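# Working through the structure, step by step
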Amino acid sequence: MNPQVQELIGLLQVEQLEQNLFRGISGDIGSPRVFGGQVLGQALMAAALTVEGSRTVHSLHAYFLRPGDKNARIVYDVDRIRDGGSFTTRRVVAIQHGQPIFNFAASFHVPEDGPSHRAGMPQVPGPEGLTSDLELRRQHIHKLPERLRAVLHAETAIEIRQLVPLDPFDPPVAPPRNDAWFRAVDRLPDDPVLHQAMLAYSSDFGLLRSALMPHGMSFMKGNVQVVSLDHAMWFHEPFRMDEWMLYTTDSPFAGNARGFCRGSIFTQDGRLIASVAQEGLMRTKPLPGSSLQP
């Protein structure tokens, strides 16, 4: 197996300490704190370990309470709120250094038949021939601080290809809409929970970008502080994370130092398999070297 994929699978696993207590390690994607998608994925894995096997997650809602420490393990405390006839509900609190850093609720559902309809996938070019985010980062590697170069130059487990690549150091002003193809770079085990946890992990990549685009802002440019505040996700149909999926996102509103974004995830053959929503902090700050004071 591809070593980066194997590493990500290991990162998403949690160690059981007690009946409802689990522990996960922390990875490093170049962000100053623990990546929010990692905590989402690990919390989902912990919750799923307390749920009957035939039930799969259909929705999750989470709040990021405090920055996570990349140098410390994370404890996940699972509360078995309800085991109903069709639905199971779990609440998870992620803890570091004796304090909650993340609060999470997830609902699991038995398979059922019912009426069905779905939104159509946007008509966009396929992933073939598009440049990956990794290659784009490597083109700008000389602009990165030395401490980030090794991490952001390294191969990744999730390949992302933007429909319209943007220079992260000098982004143009653009409408609040972004489309990207993504997938795991190697075949994954046939474990639906792992695929869902990996999709939750990946769903946090670039979701807030749509809110920054109308303002010509980016984390790399240094003119904005961006932090995920909450994250909600709905899983509609089965999928495989090792096959191409389209992540289409938009931002209908930004204000009060916050940006709201939503996303839809489609398989390459056009099935809507998940929906996402997130609000993030968008706190402006002067550019490095500017004489302006915050």
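What comes next is a walk through the structure. (Residues numbered from 1 in each chain as written. Predicted model: local features only at pLDDT ≥ 70, side-chain atom pairs only at ≥ 80, totals over all residues. Heavy atoms only, no water.)

A word on the overall build of the chain. Secondary structure summary: the chain contains 6 helices and 12 strands in total. Considering only C-alpha atoms, the chain reaches an extent of 60 × 45 × 40 Å along its principal axes. Residues classed as buried in the chain amount to 46% of the 294 residues present. Counted over contacts in the chain with a minimum sequence separation of 6, partners at least 24 positions apart contribute 72%. When the accessible surface of the chain is summed, it comes to about 14600 Å², and 52% of that surface belongs to carbon and sulfur atoms. For the chain, the distance from the average position of its 28 positive side-chain charges to the average position of its 31 negative side-chain charges is 6 Å. (Helix = DSSP H or I, 4+ residues; strand = E, 2+ residues; numbered from the N terminus. Buried < 20%, exposed > 50% of the residue type's maximum accessible area, 1.4 Å probe, protein only. Contact = heavy atoms within 4.5 Å. Areas by Shrake-Rupley, 256 points an atom, 1.4 Å probe, with all protein chains shown as cover. Lys, Arg positive; Asp, Glu negative; His and termini not counted. Charge placed at Lys NZ, Arg CZ, Asp CG, Glu CD.)

Right, let's talk about the packing of aromatic side chains for a bit. The tally for this structure, following the rule as stated, stands at 6 aromatic pairs. Taken together, Phe35, Tyr201 and Phe205 form an aromatic cluster joined through their ring pairs. (Phe/Tyr/Trp six-rings, centres within 6.5 Å; stacked < 30°, edge-to-face > 60°.)

The subject of this paragraph is the pattern of salt bridges. For the structure on display, the rule yields 16 salt bridges. Among the ionic pairs, Arg262 bridges to Asp250, the shortest N-O distance being 2.9 Å. Here Asp250 lies in strand E10 (residues 245-255) and Arg262 lies in strand E11 (residues 258-267), a separation of 12 residues in the sequence. Under the relative-accessibility criterion, Arg262 is labelled partly exposed at 40%. Judged by relative accessible area, which is 22%, Asp250 ranks as partly exposed. The shortest N-O distance in the salt bridge between Arg271 and Asp269 comes to 3.9 Å. In this structure Arg271 comes out as partly exposed when scored by relative accessible area, which is 27%. Via salt bridges that share partners, Arg118, Glu237, Asp269 and Arg271 belong to a single interconnected network. (Salt bridge = Lys/Arg side-chain N within 4 Å of Asp/Glu carboxyl O.)

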